Amino acid sequence: MRISLKWLRELVDVAISPEELAETLTMAGFEVEEIEDRRPWANGVVLGKIIACEQHPNADKLRVCQVDVGSSEALNIVCGAPNARAEIYVPVAVVGTYLSTIDLKIKPAKLRGVPSEGMICSLAELGLSKESAGIHIFELENPELGSDIRPLLGLDDVILDLTATANRADALSMVGVAREVAALTGASLRIPAANGVAIEGKESPGLAVEISEPQGCPIYIGTAIEGVKIAASPAWLQQRLQAAGVRPINNVVDVTNYILLEWGQPLHAFDRDRLQSFTGTQDINIGVRFASSGESFKTLDGQNRNLQAQNLLITASDKPVALAGVMGGEDTEVHEGTQNLVLEAAIFDQATIRRSARAQGLRSEASIRYERGVNQAALTTACNRAVALILELAGGTATVQKTSRSGEDLSFSRSLELRLDRVNLVLGQLKRGETGGSKYLEPEEVKNILTALGCEVVPTEKERVWNVTVPPYRYRDLEREIDLIEEAARLHGYDNFCDTLPSKTEPGYLSPEYAAIRNVRSAFRAAGLTELMHYSLVKTEGDNQVVLANPLFVEYSALRTEMLSGLIDAFQYNLEQGNGALNGFEVGRIFWKDGDAMKEADAVAGIIGGDPTVWKWQQGGRDQPLTWFEAKGILESAFQELGLSVEYQSDSSNTRLHPGRTAALSLNGKHLGVFGQLHPQLQQEKDLPEQVYVFQLDLAVLLGELGRSNNLTRKFAGYSSFPASDRDIAFFAPVEVPVVEMQSAMKKAAGSLLDSVELFDEYRGDNVPAGQRSLAFRLVYRAGDRTLSETDVEPAQQKVRDVLVEKFGVSLRS
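If you're wondering where the values come from, they're calculated on a predicted model, not measured in any experiment.

Q: Residue-level account of the environment of Leu 300, with values.
A: Within the element layout of this structure, Leu 300 appears in the loop between β17 (296-298) and β18 (304-306). The exposure class assigned to Leu 300 is partly exposed, which follows from its relative accessible area of 34%. Along the chain, Leu 300 and Pro 91 lie 209 residues apart, while their C-alpha atoms are 36 Å from each other. Sequence-distant contacts of Leu 300, that is, excluding residues within four places in its chain, are made with His 268, Met 327, Gly 328, Gly 329, Glu 330 and Glu 333.

What follows is the structure, encoded as structure tokens:
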């Protein structure tokens, strides 16, 4: 928020320099990002009067002016402004003046042969606007020629650009900042008076206020004002708005903006006659409700808004006339011909306004304040002050004022218990230096700080314990004892406390879960895959997607339910850009809807394809596509690095993958994910190489297995110094029986002597029964304490034969 120091000094006696004030506010938690000192902009510019204006003898667009600046002789100034004429009061930069905003020092000069002894200035040359059509003309009574023009233009001011934290809604107002400055500096405070406004009740036209959403709008005040005259605001009001970065519009709208800046209370003025025309009735019934499906209306910025269910509306006879707490409607705005008003002053729920503004992608000065929370206790004060200013500047009469309140207890007072011992325990010792005194904050110091903030401090029956009553304007952010302790530290000065290191320190470390994720990433990188990263946002395509309420683009309107689509698109894009095949993996999060519930999970996905060989001259320059087993080997190498034993089962449920070259992966009986080749149809649609393989794994299952005690630390297993004894077994087996199931059964049957089982031959064709295939396995037996004999091996081998015949119905060949 831009703070005018001139305006601030009307509210609080600030005796320190702007730089000191900025440092004080920054140290108290209100960062001052910029100090805009306007005083040098027009240093040396004085008020003058053009007493004569003639055409330049040698230039059509120049005029020669005689300007009285209060000195003994009039100045001869050549001016090119089209609005220069006699008998007007203007700002004059005399010889020697430096205009810092345009980097120009005024010197005596000759323009087309005519001497010029100064410059008549426009607002742009004085830094008050970007462009000006001509010189600035003052409308003054009894002016003093030769006087400094800075007080007339508001240039005798310094602007502090202040940033308040999200919990300090009170700092988004001049009154709130003045209270803070008074507490920090001990200066006296002068809050603007808001006397009660006389309401001259009339029966016609009627005004009623009904709130159908009391949780979204607990208080609404509507005031009818008749007979106003819309005109430009007085100079003082325009200057204060401009200093705050607000464009003046007219006296009524400017008053609402002025109260917004002064009290932090947003207001809105409706044209009552337009309300009546819009609703088709003389009696105006103001309501507050949420929008219905299909409703729309045009806001003040000229945009036609399609309303959503979370938009809170102000209605007149149930027709939307404003987006509550955000922006008014164009159809009922105040304009030059407005004569009658309905002034709105209301309190809206923070979360409701935040959702409503986000749903429309619209944030305003009003919504920013409502989102943080305005001072509910000052609503009536701000409303009455606004009505009084409108009657003063625009004339008219306040005829009707109606208020609607929810049935909730709207008490804005809170009492907290504060323990002085807790204050000192949290804040620690002070840097007292040579002044002596206690090492900790004294009770009187804490009490003075809280009293300066507007709190009421009362001792309790407990020793060194107070009961602190929070002021209404700090009701929203002073909720606990620790908040009061923070205020004591903030106002006393964080830099006045000793720097204390913790008594015990521990080295930093990674959490087990994050360390495991690092290991997963490292394993896939070691397998030759590049780590990728994609947006979690995708197009809206499926029924179970989580759809965003307010997407930035159509392409980013929902959250992804799987990760393979992004990897396939990245693979295709790299091929099209001539970068070759992209073999990569990604660790990310997926989202989906399960009924009305929204769920999310972490996953690991990857894509493998293209020719991995470097020296393609060995194949005559032709690409050698990966086989399914080569791609599986890359995945297996990552699992081996992680110390995991993953099982593969045939699977054809995923329609985007090849039905005969897809496997469901499991880990210790838990479903891990899927691995397979892209379906040929999808491969042709994307114009991808002949064989591309993808996988997607459940990261939670991976981490769960890695977190087991036997996987946390790699253990060394000693090698047997005794020779192994190997046996081969061959048989005909049904095609539908997976090899992995047979291997698992053989390991279980053979017992601890079996060291490994490896498939070394598969044959289908002549001399093999229909529907079967010939398989040959090599079983290696080994013991760590002896050389195995035939009597050791043969019983185990026989158990293997038996289980194969009984469980899988194989026909043994050996």
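Q: So what's going on with a nonpolar patch on the surface? Residues and values would help.
A: A grouping of Leu 425, Val 426 and Ile 482 is seen on the molecular surface, where their side chains present a nonpolar patch of about 270 Å² in accessible area. Relative to the helices and strands, Leu 425 is located in helix α11 (residues 420-427).

Q: How would you summarise unusual backbone geometry if you had to cite specific residues and measurements?
A: Phi angles above zero are rare outside glycine, and Asp 318 is one such case at about 70°. Residue placement: Asp 318 occurs in the loop between β19 (312-316) and β20 (319-323). Given a relative accessible area of 49%, Asp 318 falls into the partly exposed group. In this structure, Asn 668 is a non-glycine residue whose phi angle is positive, near 55°. In this structure, Asn 668 sits in the loop between β33 (657-667) and β34 (670-678).

Q: Residue-level account of the layout of surface pockets, with values.
A: The space that makes up the largest pocket amounts to roughly 1,300 Å³. Every residue lining the largest pocket is counted, 34 residues in all, and those nearest its centre are Lys 632, Tyr 648, Val 739, Val 740 and Gln 743. Of all elements in the fold, only α16 (628-642), β32 (647-650), β33, α20 (739-750) and β37 (754-763) reach the threshold of two or more residues within the lining of the largest pocket. Looking at side-chain class alone, the lining of the largest pocket contains 13 nonpolar, eleven polar and ten charged residues. Size it by volume and the second largest pocket reaches roughly 840 Å³. Forming the walls of the second largest pocket are 32 residues, and the residues nearest its centre are Val 253, Asn 257, Leu 267, His 268 and Leu 300. Mapped by element, the contributors of at least two residues to the lining of the second largest pocket are α6 (251-263), β15 (267-271), β20, β21 (327-328) and α9 (365-372).

Q: Account for the pattern of salt bridges, with residues named and values stated.
A: Enumeration over the complete set of coordinates arrives at 42 salt bridges. With its nearest N and O atoms 3.2 Å apart, the salt bridge here joins Glu 87 to Lys 49. Of this pair, Glu 87 sits in the loop between β5 (75-79) and β6 (88-94) while Lys 49 is found in strand β3 (residues 45-55), placing the two residues 38 residues apart along the sequence. Between Arg 801 and Glu 794 there is a salt bridge, with its nearest N and O atoms 3.0 Å apart. Judged by relative accessible area, which is 18%, Arg 801 ranks as buried. Exposure remark for Glu 794: the relative accessible area of 28% places this residue in the partly exposed category.

Q: Account for helix α12 (residues 443-452), with residues named and values stated.
A: Residues of α12 that are buried include every one of Val 446, Ile 449 and Leu 450, and no others. Buried residues of α12, seen end-on, are gathered within an arc of 95° and therefore sit on one face of the element. Buried residues along α12 sit in contact with β24 (414-419), α11, β25 (456-459), β26 (465-470) and α13 (481-492). Where α12 ends, the next residue or the one after it, Gly 454, has phi of about 95°, a positive value.

Q: Outline empty space enclosed by the protein, supporting the account with residue identities and numerical values.
A: As enumerated under the stated definition, the model contains two cavities of 30 Å³ or more in all. Approximately 210 Å³ is the volume found for the largest cavity. In terms of lining, the largest cavity is formed by 21 residues, of which the most central are Ala 169, Asp 170, Gly 373, Asn 375 and Tyr 473. No other element matches the three residues that helix α4 (residues 174-185) contributes to the lining of the largest cavity. Split into classes, the residues belonging to the lining of the largest cavity amount to eight nonpolar, six polar and seven charged.

Cut-offs applied
- Residues numbered from 1 in each chain as written.
- Predicted model: local features only at pLDDT ≥ 70, side-chain atom pairs only at ≥ 80, totals over all residues.
- Heavy atoms only, no water.
- Helix = DSSP H or I, 4+ residues; strand = E, 2+ residues; numbered from the N terminus.
- Buried < 20%, exposed > 50% of the residue type's maximum accessible area, 1.4 Å probe, protein only.
- Contact = heavy atoms within 4.5 Å.
- Patch = residues over 30% accessible without salt bridge, like charges linked within 9 Å, V, L, I, M, F, W, Y side chains within 5 Å.
- Areas by Shrake-Rupley, 256 points an atom, 1.4 Å probe, with all protein chains shown as cover.
- Salt bridge = Lys/Arg side-chain N within 4 Å of Asp/Glu carboxyl O.
- 1 Å grid on protein atoms, 1.4 Å probe; cavity = no way out; pocket = protein on both sides within 12 Å on 5 of 7 lines; lining within 4 Å.
- Points joined across faces, edges and corners; volume = space filled by probe spheres on them.
- Nonpolar A, V, L, I, M, F, W, Y, C, P; charged D, E, K, R; others polar.
- Arc of directions from axis to C-beta.

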